[in-house]
Amino acid sequence: MGDLKMISTHDLNKTFGDFVAVNNITFDVHQGEIFGFLGANGAGKTTAMRMLCGLSIPTSGEATIAGYDVYKETEKIKRNIGYMSQKFSLYEDLTVTENIRFYGGIYGLKDAEIRSRSKELIQTLELEDQRDLLVGSLPLGWKQKLAFSVAIFHHPKLVFLDEPTGGVDPVTRRQFWDLIHKASDDGITIFVTTHYMDEAEYCDRISMMVDGYIRALDSPSQLKKTYQAASMDEVFYELARGAKRTE
Amino acid sequence: MKQLLAFIHKEFLHVFRDPKTMLLLFGLPIAQILLFGFALSNEINHSKIIVVDYARDASTRSIIEKVRASENFDLYGVFNDHQQIEETFKRGETKMAIVFPTNFNQDLIHSGYAEIQLITDASDPNTATTLVNYFNMLLLDYQRELIEVQEMPFNINLSLRNIYNPELEGTTNFVPGVMALVLLLVCVLMTSVAIVKEKELGTMEILLVSPFHPFMVIISKVIPYLFLSIVNLIVILALSVFVLKLEIAGSLILLFGVSILLILAALSLGILISNVTNNQQTAMLISLMGMLLPTLMFTGFMFPIENMPRFLQVISNIVPSRWYYIIVKNVMIKGLGFESIWKESLILAGMTVFLLLVSIKKFKIRLA
Amino acid sequence: MSTLKFLLQKEFRQIFRNPTILRMILLVPVVQLIILPLAADFEIKNINISIVDNDRSGMSQDLIEDIKSSGYFRLINYTHDFQIAFSDIESDEADIVLEIPNGLERDMIRERSGALFIAVNAINGTKAYVGGAYLSRIISAFNQDLRTEFSSENRGTAIGVAVINWFNPMLNYQFFMVPGILVVLVTMVGGYMTSLNIVKEKEVGTIEQINVTPIRKTHFILGKLIPFWVLCVIVFTLGMFVVARIIYGIVPLGSIFVLYGYLALYLVAILGVALLISTYSNTQQQAMSLSFFMMMIFILMSGLFTPIESMPQWAQWIAALNPVTYFVQVMRMIVMKGSEFGHITKHFLIMVAFAVVFNSWAILNYKKTS
């Protein structure tokens, strides 16, 4: 693990009127890490993530993504990240290959590159028979795996995953995490939000957000030690029960 | 019954929770009635006219004076030669040219007959013929004045009364038409989209597995829109009376009753559209692209239905607003009672029942 | 530039994938263009008249004969009771009632003057006016004949009117309506499809995914506009060179080149409006309500059906801010009158202004970051 910081924030803030959605968060994510970004509903995770992706401009504070400033260099940031949102984000009325081709294309990959990579991707996901089916007709789990693969199709330095495994069965979740680990092995830094505490265990480090603050940040084992908890569930409960904001 | 109320309550929450949509649903029909109620008129007034006067004598001067004074014409200019006519027609700046030949007055005095040439831009035939009519009337007036000076005997005096609309206001014709159009389209649009949206989002299935007759689910979805439409109706009627100064000559209750009948027919049509489509985009395109122009034209307030070819007259019968337009004219403007509109009301009621039956049928097929 | 290629590919695929939508885009305008102009006939003919004849004299019979043979009127009732004739108006069977009072002939002979009474159903002002005007002319001519018959006194002078109808000598109403209706149909395709399409990406959430990619704003927008621009040109071509030519025999008199030049420009402006609508709406429902509203204004305040000159001043301003107004005029000018570029320079400049204003407004409003 290199010492290069993929994400670096300092006192990052986002307010909507009187409401402080994200309150002076400061943290770093190193290259190659799998970073779990946890928190209860309404804790400010999605807002924070949107700022890091360049979708939303911070109210104050500093942040760099892959070395680029979130205020001034959003276009450069976008070239270097991948993103998979909570809402399913592939086009349901395009086929598997068409979706891949489209996203590859808009990241400026060459036709030949797209062709060879998508062949590889379809093989990895075992979607050979479904390549010409409309994405809308695939089962949710497959869609999610496909969405992830598409998000890292252009080999970004960093990928943001916003609750990527919502609503899928345990087996698929397991396979999904295999994909994440594989991407991590390939040198892609992973930034993931999740509700599943067993998934938190797969992360190198996790942060815990409560009411807009980051309340804890460490490796899962260290956190369990600190809070003298047997599982991540207990850690989460310990930290989140004081929360005032819930949905 | 309690279940039904719970459903309806939920639907109301959906509709009223989104202020932007609410604003659109209420605000737009109101704006439309006001805009079109005031702006539209079939009349042809202030049409730009070009005069070419080769005579320049007393008669032509006094006729030009009359043209200048007329509300119907706006004098673009008096010229000495023909050349300007084609040029201004092609620029779309004038619609008709009045050409006085040389020696106009002399001919009139010596031979008792003189001729004026009218050249129209007949690319718009309606304006062209109307302008010719206007000018003929103006000339008739002019000649009558001449005759009066000479004290003509054997005169038939003509008194003309315009019933229902003494001032010949466009409002009297267009308000009922726009009412029919707006009520119908807004209702169809709202319901079809609201139901299809649930289908698209997948929330419909949750409702369909509830221990409730599926069609009741649909009905309860429609009730908030029925309510919305009735509020719209009240506002539209109030605007017609207080802002557009159109009196309701007949029974308000009757008018209200048959308006609800139209709303029901429209809601049923909306349900049917939602049952045969699977996504919002298609539903909207059917209700808008498919219905806007045909409804506009077949309601009968723009173009007289009796002028249409036979097969189009038959087609016009399936447009609900066509019947409603007749009803509004009879009740609101002529002040007639139910006996004058029972046929039209029956047709609307029949349409509603028919549309609902077809929807139920389609709906069952879908579930099977 | 290559991003744009991928965006366009995606849009075209999505459009062609949905047969219902494609059918709506291509078929609905064609069918409507075939049918609707037939329904748009303003010409006032067959005015239904009910005559109350209380005189029942030779003179009243002569007058009625004149009215019947004029070709404008259809006698639907001949009665002696005004109430009956009036109920014909109430039931919409008659547009106009002529009452001939008892003793018309006698009065004309003895007192050398008489009176007639006309009642018109004036809900439709135009029909009332035209009906009244025709009837007045017939009666006036009838009167003139009486004078010649009864007296040898001064016949007075007469001014004749010779009418020449340029550009459309047969006064064919369809020649006038087809180009106008085609404009509206093309506008609907461009307007609805574009705004709904963009908002759909918002509603479904795919726009989020697009926003985190390095796609440039302008590319995304171009990727949306170009396919619909192309579709609109196709619809226009189908309408102009298939439906209008084959069914209605309309051949543009002016330059096709100028016509398409104006179409190209007009579509940029209209798609700009659609884009603008989409930036102000979050759901397809909102986009559609707004588009519906705009489309009603576009259609009803464009001079397509009712003349702009007779609108109140404020409404004329709205019509002047309505792009459809100009294209309807330009279509009619080029197609029917053979107007050349020199005749429509004003229209061109105004459309350029619309295109620039709507599109810059929309692009400013289309925010990639919140």
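Residues numbered from 1 in each chain as written. Chains lettered and ligands numbered in written order. Predicted model: local features only at pLDDT ≥ 70, side-chain atom pairs only at ≥ 80, totals over all residues. Heavy atoms only, no water.

Overview of the interface of chain C and chain B
The accessible area lost on association of the parts is a frequent measure of interface size. Applied cut-off: Should any heavy atoms of two residues lie within 4.5 Å, those residues are counted as being in contact. When two parts are brought into contact, each loses some accessible area as probed by a 1.4 Å sphere; the total of that loss over both is the buried area. Here a salt bridge means any side-chain nitrogen of Lys or Arg lying within 4 Å of a carboxyl oxygen belonging to Asp or Glu.
Contact with chain C, which involves 122 residues of that partner, is made by 118 residues of chain B. Here chain C and chain B share an interface that buries about 11200 Å² over both sides, 67% of which is from carbon and sulfur atoms. By the criterion of area lost to chain B, the three top residues of chain C are C:Ile123, C:Ile159 and C:Trp166, representing 8% of everything that side buries. Taken together, chain C and chain B are joined by five salt bridges.

A short note on the interface of chain C and chain A
Threshold: The helix count covers DSSP runs of H or I at least four residues long, the strand count covers runs of E at least two residues long, and both are numbered beginning at the N terminus. Amino acid classes used here: Ala, Val, Leu, Ile, Met, Phe, Trp, Tyr, Cys and Pro are nonpolar; Asp, Glu, Lys and Arg are charged; the rest, including Gly, are polar.
Contact residues are listed per partner, giving 26 residues for chain C and 33 residues for chain A. Summed over both sides, the interface between chain C and chain A buries roughly 2700 Å², with carbon and sulfur atoms accounting for 55% of that surface. Inspection of the chain C/chain A interface yields four salt bridges. One salt bridge connects A:Arg50 with C:Glu208, and the closest N-O pair in it is separated by 2.7 Å. Counting only elements with at least two residues in the side of chain C that touches chain A, the list comes to α1 (2-17), α7 (173-204) and α8 (206-211) of chain C. Residue contributions to the side of chain C that touches chain A peak at nine residues, all from α1(C). Each residue belonging to the side of chain C that touches chain A can be placed in one class, and the counts come to seven nonpolar, ten polar and nine charged.

Some details on the packing of helix α10 (residues 256-280) of chain C against helix α13 (residues 323-337) of chain C
The relative placement of two packed helices is expressed as an angle between their axes plus a distance between the axes. Residue and element names in this part refer to chain C. Quick note on the threshold: Here an angle of 0 to 180 degrees is reported between the N-to-C directions of two axes, which are lines fitted to C-alpha atoms, with helices fitted over the stretch in contact. We call two directions roughly parallel when the angle between them is under 35 degrees, roughly antiparallel when it is over 145, roughly perpendicular when it lies between 65 and 115, and oblique otherwise.
Where α10 contacts α13, the two axes come as close as 11 Å, and the packing angle between them is 170°. The angle between α10 and α13 places the two elements in the roughly antiparallel class. When α10 is examined against α13, the residues Val258, Leu259, Tyr262, Leu263, Tyr266 and Ile270 are found in contact with a partner set consisting of Pro323, Val324, Tyr326, Phe327, Val330, Met331, Ile334 and Val335. In terms of residue class, the contact of α10 with α13 is made up of 14 nonpolar, no polar and no charged.

Focus on the side chain of C:Thr3
Convention followed: For every residue, the accessible area obtained with a 1.4 Å probe (protein chains only) is divided by the maximum for its type, and the residue is called buried under 20%, exposed over 50%, and partly exposed between those limits.
With respect to the helices and strands, the residue C:Thr3 is situated in helix α1. C:Thr3 sits in the buried class, given a relative accessible area of 14%. Once you skip the residues sitting within four places of it in the chain, C:Thr3 turns out to touch A:Gly105, A:Ile106, C:Ile215 and C:His219.

Re the arrangement of the chains
For the two pairs of chains in contact, the largest share of contacts goes to chains B and C. Across all C-alpha pairs, the smallest distance from chain A to chain B is 12 Å, and the two are not in contact.

Some remarks on the packing of aromatic side chains
To keep things clear, this is the line we draw: For Phe, Tyr and Trp, rings pair up if their centres lie within 6.5 Å, where Trp contributes its six-membered ring, and each pair is then called stacked (planes under 30 degrees apart), edge-to-face (over 60) or tilted (otherwise).
All told, the structure shown has 37 aromatic pairs over all chains when counted by the stated rule. Taken together, a centroid distance of 6.3 Å and an interplanar angle of 25° make the contact between A:Phe27 and A:Phe191 stacked. Separated by 164 residues along the polypeptide, A:Phe27 in strand β2 (residues 19-30) and A:Phe191 in strand β8 (residues 189-193) bring together distant segments of the chain. Each member of the pair, A:Phe27 together with A:Phe191, is buried. Of the aromatic side chains, those joined through ring pairs into one cluster are C:Phe236, C:Phe241, C:Tyr260, C:Tyr262, C:Tyr266, C:Phe327, C:Phe341 and C:Phe348.

Here's the deal with the sheet that holds β2(A)
Residue and element names in this part refer to chain A. Here is the rule we go by: Pairing between two strands is assigned when DSSP locates at least 2 bridges connecting them.
Spatially, four strands are ordered β2-β1-β4-β5 in an open sheet, and the strand pairing comes out antiparallel. The open sheet is flanked by β2 and β5 (68-69), the only strands paired with a single partner. Where strand β1 (residues 5-16) and β2 come together, eight bridges link them in antiparallel fashion. Bridged to threonine 15 within β2 is valine 20. Where helix α1 (residues 45-52) meets the sheet, its contacts fall on β1, β2 and β4 (60-65), and the angle it forms with β1 comes to roughly 120°.

Things to note about unusual backbone geometry
Within the chain, A:Gln228 stands out as a residue other than glycine whose phi angle is a positive 50°. As for its position among the elements, A:Gln228 is in the loop between α8 (220-226) and α9 (232-240). A residue is classified by how much of its surface remains accessible, and A:Gln228, at 73% relative accessible area, is exposed. A positive phi angle, close to 70°, is found at C:Asp92, a residue other than glycine. Assignment of secondary structure puts C:Asp92 in the loop between α4 (82-90) and β3 (96-100). When its relative accessible area of 31% is taken as the criterion, C:Asp92 is described as partly exposed.

Some words on the side chain of A:Thr97
Residues and elements named next belong to chain A. In plain terms, the rule: Polar contact criterion, stated in full: a pair of N or O atoms within 3.5 Å, where within protein one must be able to donate a hydrogen and the other to accept it, and residues adjacent in sequence count only if both atoms are side-chain atoms.
In this fold, threonine 97 is placed in helix α3 (residues 96-106). Only 3.4 Å separates the side chain of threonine 97 from the side chain of threonine 95, close enough to count as a polar contact. At 3.2 Å, the side chain of threonine 97 and the backbone oxygen of arginine 131 are in polar contact. In contact with threonine 97, other than residues within four places in its own chain, are Ile122, Arg131 and Asp132.

Some points on a nonpolar patch on the surface
Inclusion rule: Exposure above 30% relative accessible area and the lack of any salt bridge qualify a residue for a patch; like charges then connect within 9 Å, and the nonpolar side chains Val, Leu, Ile, Met, Phe, Trp and Tyr within 5 Å. In short, Shrake-Rupley with a 1.4 Å probe defines the accessible areas, and a residue's cover is counted only from the protein chains shown.
A cluster of nonpolar residues, B:Phe38, B:Phe242, B:Val243 and C:Trp314, forms a patch on the protein surface that exposes about 410 Å² of accessible area. Mapped onto the secondary structure, B:Phe242 falls in helix α9 (residues 214-242). Classification of B:Phe242 as exposed rests on a relative accessible area of 62%.

Digging into the confidence of the model for chain C
Which entries qualify depends on this criterion: pLDDT: the predictor's confidence for each residue, scored from 0 to 100.
Of all residues in chain C, 96% have pLDDT values of 70 or greater, and the mean over the chain is 87. Across the assembled chains, the prediction reports ipTM 0.85 with pTM 0.84.

Examining the sheet that holds strand β2 (residues 73-79) of chain C
Two modes of strand pairing occur in sheets, parallel and antiparallel, and in both the strands are linked by backbone hydrogen bonds. Taken together, five strands build an open sheet; the order of strands is β5(B)-β4(C)-β3(C)-β1(C)-β2(C) and the sheet is mixed. In this open sheet, the two edge strands, each paired with only one partner strand, are β5 (155-163) of chain B together with β2 of chain C. For this sheet the average axis-to-axis angle between neighbouring strands, irrespective of direction, equals 20°.

Comments concerning the domain arrangement of chain C
Stated formally: Domain ranges listed in this record stem from an automatic or a database domain assignment.
Domain annotation of chain C identifies domain 1 (2-40 + 172-365) and domain 2 (47-150). Taken over C-alpha atoms, the centre of domain 1 of chain C sits 49 Å from the centre of domain 2 of chain C.

Focus on the pattern of salt bridges
Applying the stated criterion across every chain, the model contains 28 salt bridges over all chains. Two residues, A:Glu33 and A:Arg205, come together in a salt bridge whose shortest N-O distance is 2.4 Å. Within this pair, whereas A:Glu33 is found in the loop between β2 and β3 (34-39), its partner A:Arg205 is found in strand β9 (residues 205-210), the two being separated by 172 residues in sequence. Each member of the pair A:Glu33 and A:Arg205 is classed as buried. Between C:Asp107 and C:Arg106 there is a salt bridge, with its nearest N and O atoms 3.7 Å apart. In this structure C:Arg106 comes out as partly exposed when scored by relative accessible area, which is 42%. Taken together, the shared-partner salt bridges in this structure form one network comprising C:Lys10, C:Glu11, C:Glu201 and C:Lys224.

With respect to a negative patch on the surface
Residues and elements named next belong to chain C. Rules: Only four residue types enter the charge count: Lys and Arg as positive, Asp and Glu as negative, with His and the chain ends excluded. Here the site of a charge means atom NZ of a Lys, CZ of an Arg, CG of an Asp or CD of a Glu.
Among the surface-exposed residues, Asp62, Glu65, Asp145 and Glu149 lie close enough to one another that they form a single negatively charged patch. Counting residues per element, the ones that place at least two in the negative patch are α3 (58-69) and α6 (125-150). Considering the arrangement of structural elements, one finds glutamate 65 in helix α3. Judged by its relative accessible area of 44%, glutamate 65 falls in the partly exposed class.

Description of the environment of A:Glu75
In this structure, A:Glu75 sits in helix α2 (residues 74-80). The spatial distance from the C-alpha of A:Glu75 to the C-alpha of A:Lys119 is 29 Å, given a sequence separation of 44 residues.

Observations concerning the packing of α1(C) against helix α9 (residues 217-247) of chain C
Residues and elements named next belong to chain C. Quick reminder of the rule: Handedness of a crossing follows from how the near helix is turned relative to the far one, being left-handed for an anticlockwise turn of less than a right angle and right-handed for a clockwise one.
Where α1 contacts α9, the two axes come as close as 9 Å, and the packing angle between them is 45°. The orientation of α1 relative to α9 falls into the category oblique. Here the hand of the crossing between α1 and α9 comes out right-handed. Across from Thr3, Leu4, Leu7, Leu8, Lys10, Glu11, Phe12 and Ile15 in α1, the residues of α9 making contact are His219, Phe220, Leu222, Gly223, Lys224, Ile226, Pro227, Phe228, Val230 and Leu231. Here the contact of α1 with α9 is composed, by residue class, of twelve nonpolar, three polar and three charged.

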